[in-house]
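The lines below spell out each chain.
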Amino acid sequence: MPPVRSALTAILGPTNTGKTHLAVERMCAHSSGMIGFPLRLLAREIYDRVVAMKGEQNVALITGEERIEPPQARWYCCTVESMPIQKEFAFVAIDEAQLGADPERGHIFTDRILHARGREETMILGSESLRPIIRALLPDAEIISRPRFSTLSYAGAKKLSRLPKRSAIVAFSIEQVYAVAETLRRMRGGAAVVMGALSPRTRNAQVAMFQSGEVDYLVATDAIGMGLNLDVAHVAFVGLSKFDGSRRRRLTVAEMAQIAGRAGRHQRDGTFGTLAGEGSEFTPEEVLAIEGHSFPRLDWLYWREAKPRFNDIATLIADLEKKPHRPGLLPAPKVIDLLVLKRLAEMPDVNALIRHQVDVARLWEVACLPDFRQMGEEHHSRFVASLWQYLGQNDRVIPQGVYASELARLDNIQGDVDTLSARIAAVRTWTYIAHRSDWLTNPPAMAERARALEEKLSDALHDALRQRFVDKRTSMLLRKNATDVGLLPVEIKADTHVLVDGEDIGTLRGFAFRVDPAAKASDRKLLLAAAERHLTAYLRQKAKDVSMAEDSEFSLAADGEGKPAIFWQGEILGALTKGRTLMQPAFTPVKAVSGLEGDALREITTRAESWIATQLAKSMGGIIGLLELAQQADVDGNVRALAVRLADEGGIAGRHYLADAIAALPKEARGAARKGGIVFGALDIYHHNALKPAAAKWRAALFAARDNRAMPELPPESAVHLKAWNFASASEARNAGYRRIGDEYVRIDLAERVIKKAHEARGQGNLFGMDMAFATSLGISENGLKALMRDAGFRPAEKAPERQLVEAGAETETETETEAVSDIIPEAVEVLAEETVLTPEAEVADINVAAEPEASTQEPDAAPAAEAQAITLTHWRWVGLPKPRPPEQRQPRAKPQHQKSQTKGKPQAKPERAPVAAKQSAPLSSLALQLAALKGLKL
């Protein structure tokens, strides 16, 4: 029975015709088969597809850097260089056969076209431009044209910002690729990057990122033009020229079409064009040729002797440079392996190890090592020569220690994209070496180590590319359609970070969103818009939570500038600002709150104002009591006027400030004032509820809001005496409830109690001794006590005699001195004894408050008799308080003008004092006589 004739078919056509898919289907229909692909990446893609159909144990993958070959494998996916043509298969196919015209690899494709045959069927897949050369070299081949499934049309030049989604931007230098990818990161959230220098694993990861829709743009070199199946809608050329290794030239129409043909998939149409502003445009003829798939025909392919002789190096080189004997074939240009072989032939150390034909054949194998690192002819030759020193003598293998140390040197995932790419290229070299079965003592183990390291570095490179050229956050926000972008899940972490669909866009503190500080300035608007879009519903619910919150969840505190503000659960809502009156402050929401929409803003504002009113009613009872007193029609008008003025001062005022109001107050009306809660102190007038800690805090806030200033820091609530504390002014200290005495401060009500005890000890005399145990129990120092007593009208004195009388009837010296004596006896002195006594309710409250910081301290008169200690008296003299004068009478004292002496050195005689005529006066009271005697005046 005659043998069955093998079918030879050439499937020709443009890209996107399904040629590769047809070949895979035909291979799987046979009992065995092999396809040679132009790229390791494409071989791996088809391998995975066939494994899914035939099972892993039946499919092999053979490339220069990867070898998976189960013992019973029947279907092989290989790179063209790695095809095991010595094996017999029922089906054989060569993909992208037009690469036979490639200066570097063309001779390999030509050899497979001429000699690789399947037992039952052979397919040659390629461009329509192959038709004449296939017809010339293989006259028996059946040529079938496959039309493109979809339309490819020219879209003109577009700006980068105007490119449609699912676009591939093709550049022809690493610098251009990086520049475009950086721009897309800022404008569109990022792009995947595909370059020939990347490892297959990294390219797979980058392509997967584009295919999955994580990014909408792909920036690549012309590597995407060969075999990569991508879901691309538009291809944009950054330029139309490239450096081919020897010169910069314009792309051929076939190369343009090969790249542009990546646009569109199956029956989906695609477009191509250029980037506007880059200075490159297609000519009308080129556009017509690409759209019509009409390319110049190939009349020749590159060829090189596939089976050279190994008699010696000279014979080997001569065979490799031999010219083809068939028409349509051209000798291959000097590719890297032949150039390396020639350099090795010139090295004495290399020639010294060549003794017979086996050595020549082995040297040629070493010279064919691919230059993955792109080091160039010179450097790559030196590297190959160093390997030959191991492979050409002794055990004729590379020592395992050398191999392991080289891998260890490359095991470093630190560095930028270029550094990691260089390491991966070096690892690919050692991976190729490990797949040569006779170059190492234990090739499988070394191949596994190299494969693991390449994967590790590839993953690091993918991460570096992603970090540099992809802003996942921006990409995610831009990628979502406007209709569903508001439905993305929003998560607020405990650390206030805001995650939208898992991406961190910033922090939310209170109602204020702050963009991630690591975001670029160009991304801030996008993130703010995303926050506004996604957080609206969340903030609306948060505003409702504020409106329903308990009073305990709110607080009054200083904001970042020290001004009074209202907080909810520690988050600022707004500030207290000047209102109509002191007790009617305004609530001004912070910017983040005021930016909320209608109902949400109204709910927060209403709840905050309600809480402020509640707290003022609870804490500022003193002022409220004064205002109520001022409204009582049955109360004397002077009392009402005093209440209004005291309320305006926050419930506490210096006695000198209200001197005119007190002077106008009839004695019979003072009972109503005391009944209304007003305490008449020797130095201060206050409402008995105004000294409570809560009142002091709110009073500080109200005055700060009225005056638009920072809220002062307040002492601890239990403090009655302050040594290391500085108030900005006397009014600030008074608002806090303290009076300054020298360099110290004491609480106003306790200062008044010290003064009250002094007056009680004085009785009707002017010189007296008193026990100051109560003052010292408060922590008041000796200097502080002197300052307080001086302010109250007392001066230290020597020990007073038991009895001191002043004889009446003495004549006054002058009218002026008589008037001075009457001024020393102020009206305040008359009421001190009766008016410094606190009301019973206030006294009880004050005693309790005063006892808190000194729980173990009791007043001397309350101590048990058994524990009584010796009493040390201090002696004082009452001189009285100066009578306050109306403001219009308080004029600054004029400085005396000294006349220059006309006669130098002679003192001027003082003018004699004119005698004052004696004036009849009314008899003085006994108190006046006593005071005059103390002053040493002659009456």
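Residues numbered from 1 in each chain as written. Predicted model: local features only at pLDDT ≥ 70, side-chain atom pairs only at ≥ 80, totals over all residues. Heavy atoms only, no water.

1. Focus: unusual backbone geometry
One non-glycine residue, R166, adopts positive backbone phi at about 65 degrees. With respect to the secondary-structure elements, R166 resides in the loop between β9 (152-158) and β10 (167-170). Backbone geometry places Q569, a non-glycine residue, at a positive phi of 50 degrees. Among the secondary structure elements, Q569 is positioned in the loop between β24 (564-568) and β25 (571-577). (Helix = DSSP H or I, 4+ residues; strand = E, 2+ residues; numbered from the N terminus.)

2. Digging into the packing of helix α15 (residues 417-434) against helix α16 (residues 443-469)
α16 packs onto α15 with a crossing angle of 160 degrees between their chain directions and a minimal axis gap of 9 Å. Taken together, the axes of α15 and α16 are roughly antiparallel relative to one another. The handedness of the crossing between α15 and α16 comes out as left-handed. (Axes fitted to C-alpha atoms, helices over the stretch in contact; angles between N-to-C directions. Parallel < 35°, antiparallel > 145°, perpendicular 65-115°, else oblique. Left-handed = near helix turned anticlockwise from the far one by under 90°.)

3. Observations concerning the sheet that holds strand β35 (residues 873-878)
The strand order across the open sheet formed by three strands is β33-β35-β34, and the pairing between neighbours is antiparallel. The open sheet has two edge strands with one neighbour each: β33 (767-771) and β34 (794-796). For this sheet, the mean angle separating the axes of adjacent strands, direction not counted, is 45 degrees. Packing of helix α27 (residues 748-762) onto the sheet brings it into contact with β33, β34 and β35, and relative to β33 it is tilted by some 130 degrees. (Pairing = 2+ DSSP bridges. Contact = heavy atoms within 4.5 Å.)

4. Some thoughts on the confidence of the model for the protein chain
The pLDDT averaged across the protein chain works out to 80; a share of 80% of its residues lies at or above 70. Across residues 481-487 the pLDDT falls below 50, and counting only partners more than four positions away or on other chains, this stretch makes five contacts in the model. Every residue in residues 803-869 scores below 50 in pLDDT, and together they form 84 contacts with partners more than four places removed in sequence or on other chains. (pLDDT = per-residue confidence, 0-100.)

5. Concerning the pairing of β25
Two strands pair when backbone bridges link them, and β24 and β25 are joined in this way by four bridges, in the antiparallel orientation. Looking at β25, one finds that A565 is bridged to A575. Between β24 and β25, which pair antiparallel and follow one another directly, the connecting turn spans two residues, one of which, Q569, has a positive phi of 50 degrees. Across four bridges, β25 lies against strand β26 (residues 586-589) in antiparallel orientation.

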